[in-house]
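Spelled out from the first residue to the last, the chains are:
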Amino acid sequence: MTPSQQIVGNIRNAFGVIRRHSLLIAAVFSVLLAVSIIVISKTPRTYEATANVLVVNGNSRNDPTLSSLDLPSIVGSTVVLERVQRKLGITTPLLTMKKSLVAKPPAYRSGIMRIQYADSDRDRAAKVVNGIADELASYYTELSTARYDDDLRALDVEIYRQKKRLESIDRQLKAQGGEDLTTDVDQDGDASGSQVGNLRSQRTLAYADLQGDIAHAQAATIDAQRDILLGDPLYQELQSSLTKASADLADARLRYTPQYPGLSALQNRVDSLKAAIAQESAKALNNAGSASPDELKAQASAQANRAKVIALDQELAAENKKLSVASPLEQLRLERQEVFHEYQSVAARRATSLADRADALSLGSVEVVDRAIPSEEQTGMGRIRLTLIAAVVISIVAFGSAFLADQLDPSLRRITQIEGLYGKPLIATLRRTSRQERLLIGKPNEQS
Amino acid sequence: MNNRDGTHTLVNVATDPGLNKQAQLLSARVEAELGKPAVVMITSACAGDGKSLTAYLLAASLEKYNHRVSLMEIPNEEETSHEQLSAFLEKMHSNYDFTVIDAATFLKSNTVLSLARLVDGILVAVRIGRAPTADDESMVGILEEFGGNVVGVVAAEADTIANFERARGEGPAVTRLQPRLNAEQNSAQALMAARAERML
């Protein structure tokens, strides 16, 4: 059989299969097409809205995305989406919103980030994506400055409190006939602080120095005593004998039971050596005479600091006594000075926090540059196109099922089947000529 | 169509061009395989597989090429002894170029097995579209074990077979294509014809 005859034969066989299983093809096609149409018609339309935000980065490097936060994650975070839900009053579940949201990071060398949201309602899609863009901008700023804002709030409260105290003290001073002290908190005042405070500080320092000197003197004494004993040969000899006797005693205890008679002798020897050492060290130290130069120096310094502490204690007592008998006016003045100092330090801290916050803001921000507009355009393919594609696929499936059914059909239809069954060649196929073939060969009127 | 010698030919099948072509192929193949004189037996595993159609077409085609052809039919229920068959076939050999025997369904008649080693070639008829059976699988092997020479398979479409059976049912006479015979041949032939006529 030539290749072309083979092809013709195959085509004829294929048509035969289709003809034999035409009912099956029609049934499969109809059922699947009906199901597809139902599914496609029930699938809701989806509209997509897009908003663009600009990531303004204060970093001087060329690529603005390198130092920006993981913006897509923030866009889809529950914090942002919950705020959007609350603000817009929508009831779409968070999980659905996350699935319908697409945010891609800005491309290289670009600061524009695209946010897309899909919804079955076109107006809602635009509203939600715009809400997300706005919320992202404010949340980004919040993240940058959150820690400074808390500090600033606390400092503002404290400054207000101090200001109120100052105003109260000023009113009292005025009432008692004191000088007209301005309550302008920006004016510089006397920064010397109270005398009592100064004395207290000095006393603390002097006491610390005294403790240091005492410790130094003790260390110097120990060093001197060690030097004396090291220079005493009898002491050294007794010490080495004690070491040996102690070792013998320990060894005997390991070897023998406590009833061993030699143990008590060894113990007595160790005890007597210890007593002799103590006696000898006392004797050596007594004979040493005066203290070493270091000891003397440390003792002298300690004495001086001790005297200083005592003097400061006396001065403090005098000042406290003075304060307790000072006039109410004077007391008010002192109190005002104290409050003013506190106010100044809080104001300085607030200025520092403001500066840090400004610095944090300079690292970047997010601005909405393109808002979404409700669009009639649906995402994905239209229903008609989907149906056509489904019809094509279903046709293939239907024809495929016919060929599958034919393959699974065990009845004798193919040459290979027959020859395989009998093991002999198929010599002839007795088939009546079809109507078309009769027409082709010019014998249309033959009766069959 | 009535032939000169009084036999009756079915016209409806033989004039179909498609069938004619296949019949020519069949006869050419048989002639090439077996040469002449030859006795060809048509059998099948199941009833209604187109044995009679095949036998008729083969005989008609051979006869068209001016061979001396004898077509005969052996009913299922008839049993003939081996010696009778052998003698009969010897005579057919000498009187005809081709003898076509429309035999019974395989395994329904011992005659088929008896004839297997006596005939020159066996054609197996099968109907297109029926399911294969165990007899299909074993038939060729058994025939060859009995000394048969299975030449090949002839497949026939169901509606072609049905049409042939319908047309044959309308006809009053046995389908037979053969020239005049001498008396001896006539008696042997009469034996077979009597059996065939009884069937009709």
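Residues numbered from 1 in each chain as written. Chains lettered and ligands numbered in written order. Predicted model: local features only at pLDDT ≥ 70, side-chain atom pairs only at ≥ 80, totals over all residues. Heavy atoms only, no water.

**What to know about the interface of chain B and chain A**
Across the contact, 35 residues belong to chain B and 22 residues belong to chain A. Roughly 2700 Å² of surface becomes buried between chain B and chain A when both sides are summed, with 62% attributable to carbon and sulfur atoms. Contact with chain A buries surface across chain B, with B:Pro17, B:Gln22 and B:Val153 losing the most and accounting together for 19% of the total. Among the ionic pairs, B:Glu144 bridges to A:Lys424, the shortest N-O distance being 2.8 Å. The interface formed by chain B and chain A contains twelve residue pairs in polar contact (both at pLDDT 80 or more). Only helix 2 (17-34), helix 3 (51-64), strand 4 (121-127), helix 6 (134-145), strand 5 (150-156) and helix 7 (158-170) of chain B provide two or more residues apiece to the side of chain B that touches chain A. Per-element accounting of the side of chain B that touches chain A gives the leading share, seven residues, to strand 5 of chain B. Residues belonging to the side of chain B that touches chain A are distributed by class as follows: 19 nonpolar, eight polar and eight charged. Pairing of strand 5 (residues 426-430) of chain A with strand 5 of chain B, which is carried by four bridges, proceeds in the parallel orientation. Directly across from A:Leu426, in strand 5 of chain B, lies its bridge partner B:Val153. (Contact = heavy atoms within 4.5 Å. Buried area = accessible area lost by both parts, 1.4 Å probe. Salt bridge = Lys/Arg side-chain N within 4 Å of Asp/Glu carboxyl O. Polar contact = N/O pair within 3.5 Å; in protein donor to acceptor, adjacent residues only side chain to side chain. Helix = DSSP H or I, 4+ residues; strand = E, 2+ residues; numbered from the N terminus. Nonpolar A, V, L, I, M, F, W, Y, C, P; charged D, E, K, R; others polar. Pairing = 2+ DSSP bridges.)

**Some remarks on the pairing of strand 5 of chain B**
Residues and elements named next belong to chain B. Counted residue by residue, strand 5 has seven buried out of seven residues, so it is predominantly covered. Pairing of strand 4 with strand 5, which is carried by six bridges, proceeds in the parallel orientation. Paired with isoleucine 122 across the strands is valine 150, a residue of strand 5. Crossover handedness for the path strand 4 to helix 6 to strand 5: right-handed. (Buried < 20%, exposed > 50% of the residue type's maximum accessible area, 1.4 Å probe, protein only. Right-handed = clockwise from strand over helix to strand, strands pointing away.)

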